[in-house]
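# Working through the structure, step by step
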Amino acid sequence: MTTTVASPPDSGPEAPARSAASLVDTVFRAREISIAGALILLILGTYLANPRFLSDQGIKDLLLNSSILVLLAVGQSAVVITRNIDLSVGSVVGLSAFACGKFVAGTDHGVLTVMLLGIAIGVVCGLVSGALVSFGKVPALVVTLGMLYIIQGVDYWWAKGDQIGAAEVPDQILGLGSGSLLGVPYLPLITVVLLAATAYFLRSYRSGRELYAIGSSPEAAVLAGVPIRRRILAAYAFSGAVAGFAGTLWLARFGTVVADNAHGWELTVVSAVVVGGVAITGGTGTVWGAALGALLLTTIGSVLVVLKVDSFWQGAITGALLLLAISIDRIVNLRMTAALRKRSARHGNGA
């Protein structure tokens, strides 16, 4: 015979906090599920209209096209969770891709060397932005927008209208962008590994959870002894490293690179993160949701091409989804605040 002992109800000052965390987790888990559902319906609807959309090549193209955007969304999420933003990621991708292309043109440099170079370029850019935001107390929007134009200017000055052709890039690097393992392209596999590692870190390590604490309430994080400046600096360095790494994958994927690669991707990345449930006000969301948001936006672009719809509508739909996501976040925050106040009041009256 098995006896079940009912656990006592939550009591004490920690009960409202546990209730708040549970409520937030439930809301944003539902958000991610709804995005996944919308993505499935979009793919199925397009398949019914054009069965070639889910051909072997069609699936590979979808995975390859979304890989770099998903990577950038992962790096951006770490920054947005801390209640900041990084608008320089697209320009970092362009600079890294062109720099790596110049470095390997006509040589036999290996993949690892090129990756390390791209990551190093991204880390430097991220550290500059992070230092100005965390230690200089300059608004993130101003800093990263300035970095965007600075990096683009350096890239254009360096390139002088030149481009790197695929014929100049070593075959082993191009193989990274075109090769596959058991039929699955390398790029999506790399993206999934980085995505899973980042999600595990944010959830399981104290320094990862502290990023959420900073975004939820910087004042409370200070009182809890969280090293806010170091954590924000690290978040920007990570975002830059991911963007620099994405630049090397861009080179491997396309072979031909110019100065304005990934130009305009900044807002697309931010849109993917916010649509995926990472609140622009910080403190909530997951990289899995951001990845789903990136995959959704990429799929929308592919669907419009398949259905022969004007590409203008991709930007319009992205903007509409961004406004909708921000509006939902605002409504959810207001309702959660009201619900938590009521629960706190009931808890106080019952004490």
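Report on the accompanying structure. (Residues numbered from 1 in each chain as written. Predicted model: local features only at pLDDT ≥ 70, side-chain atom pairs only at ≥ 80, totals over all residues. Heavy atoms only, no water.)

## Some words on the overall build of the protein
Scanning the protein from terminus to terminus reveals 13 helices and two strands. Here the protein, with 351 residues, has 45% of them falling under the buried criterion. Pairs at least 24 apart in sequence give 79% of the contacts found in the protein among residues at least 6 apart. As displayed, the protein offers around 17500 Å² of accessible surface, 66% of which is attributable to carbon and sulfur atoms. (Helix = DSSP H or I, 4+ residues; strand = E, 2+ residues; numbered from the N terminus. Buried < 20%, exposed > 50% of the residue type's maximum accessible area, 1.4 Å probe, protein only. Contact = heavy atoms within 4.5 Å. Areas by Shrake-Rupley, 256 points an atom, 1.4 Å probe, with all protein chains shown as cover.)

## Regarding helix H3 (residues 89-104)
Across its 16 residues, H3 extends 22 Å between first and last C-alpha, which sits within 8% of the 22 Å expected from 1.5 Å per residue. By the criterion of burial, H3 is predominantly enclosed, with 14 of the 16 residues buried. Note on H3: the residue one or two positions beyond its end, Gly 106, has a positive phi of about 75 degrees. (Expected span 1.5 Å × (residues − 1).)

## A few points about the pattern of salt bridges
Taken as a whole and judged by the stated rule, the model has three salt bridges. Put simply, Glu 210 and Arg 231 hold a salt bridge, and the shortest N to O gap is 2.6 Å. A residue pair is termed long-range when its members are at least 10 positions apart, and Glu 210 in helix H8 (residues 206-216) and Arg 231 in helix H10 (residues 228-254) qualify at 21 residues. Connected through salt bridges with shared partners, the residues Arg 206, Glu 210 and Arg 231 form a single ionic network. (Salt bridge = Lys/Arg side-chain N within 4 Å of Asp/Glu carboxyl O.)

## Focus on the side chain of Thr 144
Examined against the element boundaries, Thr 144 turns out to sit in helix H5 (residues 140-159). Of the polar contacts made by the side chain of Thr 144, one reaches the backbone oxygen of Ala 140; its length is 2.8 Å. Once residues within four sequence positions are removed from consideration, Thr 144 is found in contact with Ile 85, Asp 86, Leu 87, Ser 88, Ser 129 and Tyr 236. (Polar contact = N/O pair within 3.5 Å; in protein donor to acceptor, adjacent residues only side chain to side chain.)

## Side note on the packing of helix H2 (residues 56-81) against helix H11 (residues 265-275)
Two elements in contact, H2 and H11, have axes separated by 9 Å at closest approach and are oriented at 70 degrees. By the angle between their axes, H2 is roughly perpendicular relative to H11. Of the residues in H11, those in contact with Ile 68, Leu 69, Leu 72, Ala 73, Gln 76, Ser 77 and Val 80 of H2 are Trp 265, Thr 268, Val 269, Val 270 and Val 273. Here the contact of H2 with H11 is built from residues that sort into nine nonpolar, three polar and no charged. (Axes fitted to C-alpha atoms, helices over the stretch in contact; angles between N-to-C directions. Parallel < 35°, antiparallel > 145°, perpendicular 65-115°, else oblique. Nonpolar A, V, L, I, M, F, W, Y, C, P; charged D, E, K, R; others polar.)

## Some remarks on the packing of aromatic side chains
Tallied over the entire structure, the rule returns five aromatic pairs. Geometrically, the ring pair formed by Phe 98 and Trp 158 is edge-to-face, given 5.5 Å between the ring centres and 80 degrees between the ring planes. Of this pair, Phe 98 sits in helix H3 while Trp 158 sits in helix H5, placing them 60 residues apart in sequence. We classify Phe 98 as buried; its relative accessible area is 0%. Ring geometry for Tyr 200 and Tyr 205: centres 6.0 Å apart, planes at 80 degrees, overall edge-to-face. On the accessibility criterion, Tyr 200 (53% relative accessible area) is exposed. One aromatic cluster is present, built from ring pairs that chain together Tyr 200, Phe 201 and Tyr 205. (Phe/Tyr/Trp six-rings, centres within 6.5 Å; stacked < 30°, edge-to-face > 60°.)

## Some details on the nonpolar core
Leu 72, Val 93, Val 169, Ile 173, Trp 250, Leu 251 and Val 257 are the most contacted members of the largest nonpolar core, which has 80 residues in total. When residues of this core are assigned to their parent elements, the largest contribution, twelve residues, is made by H10. Excluding residues that lie within four positions of it along the chain, Ile 173 makes contacts with Val 104, His 109, Val 111, Val 114, Leu 251 and Ala 252. (Core = buried A, V, L, I, M, F, W, Y, C linked by side-chain atoms within 4.5 Å.)

## Things to note about the packing of H3 against H10
The N-to-C vectors of H3 and H10 enclose an angle of 50 degrees; their axes lie 7 Å apart at closest approach. Between H3 and H10, the interaxial angle falls into the category oblique. For H3 against H10, the interelement crossing comes out right-handed. For the pair H3 and H10, the contacting residues are Val 89, Val 92, Val 93, Ser 96, Ala 97, Cys 100, Gly 101 and Val 104 in the first and Ser 239, Gly 240, Ala 243, Gly 244, Ala 246, Gly 247, Thr 248, Trp 250 and Leu 251 in the second. Grouping the constituent residues of the contact of H3 with H10 by class yields ten nonpolar, seven polar and no charged. (Left-handed = near helix turned anticlockwise from the far one by under 90°.)

## A closer look at unusual backbone geometry
Even without a glycine there, the phi angle at Arg 83 is positive, about 70 degrees. Turning to its location among the elements, Arg 83 is positioned in the loop between H2 and H3. Although it is not a glycine, Leu 182 sits at a positive phi angle of roughly 55 degrees. Secondary-structure assignment places Leu 182 in the loop between strand S1 (180-181) and strand S2 (184-185).

## Some points on the side chain of Ser 96
Inspection of the secondary structure assignment puts Ser 96 in helix H3. With near-sequence residues (within four places) excluded, Ser 96 lies in contact with Gly 118, Ile 121, Gly 244, Gly 247 and Thr 248.

## What to know about the environment of Met 115
On the secondary structure map, Met 115 appears in helix H4 (residues 111-134). The class of Met 115 is buried, set by a relative accessible area of 17%. For the pair formed by Met 115 and Leu 249, sequence separation is 134 residues and the distance between their alpha carbons is 8.2 Å. Apart from residues lying up to four places away in sequence, Met 115 is in contact with Leu 176, Phe 245 and Thr 248.

## Here we look at the environment of Ile 228
Tracing the chain through its elements places Ile 228 in helix H10. Here Ile 228 falls in the buried class, since its relative accessible area comes to 16%. Put simply, Ile 228 and Gly 215 are 13 residues apart on the chain and 10.0 Å apart in space, counted from C-alpha to C-alpha. Contacts of Ile 228, omitting those with residues within four sequence positions, involve Ile 214, Pro 218, Ala 221 and Val 222.

Purely spatial values, then, with no claim about function.
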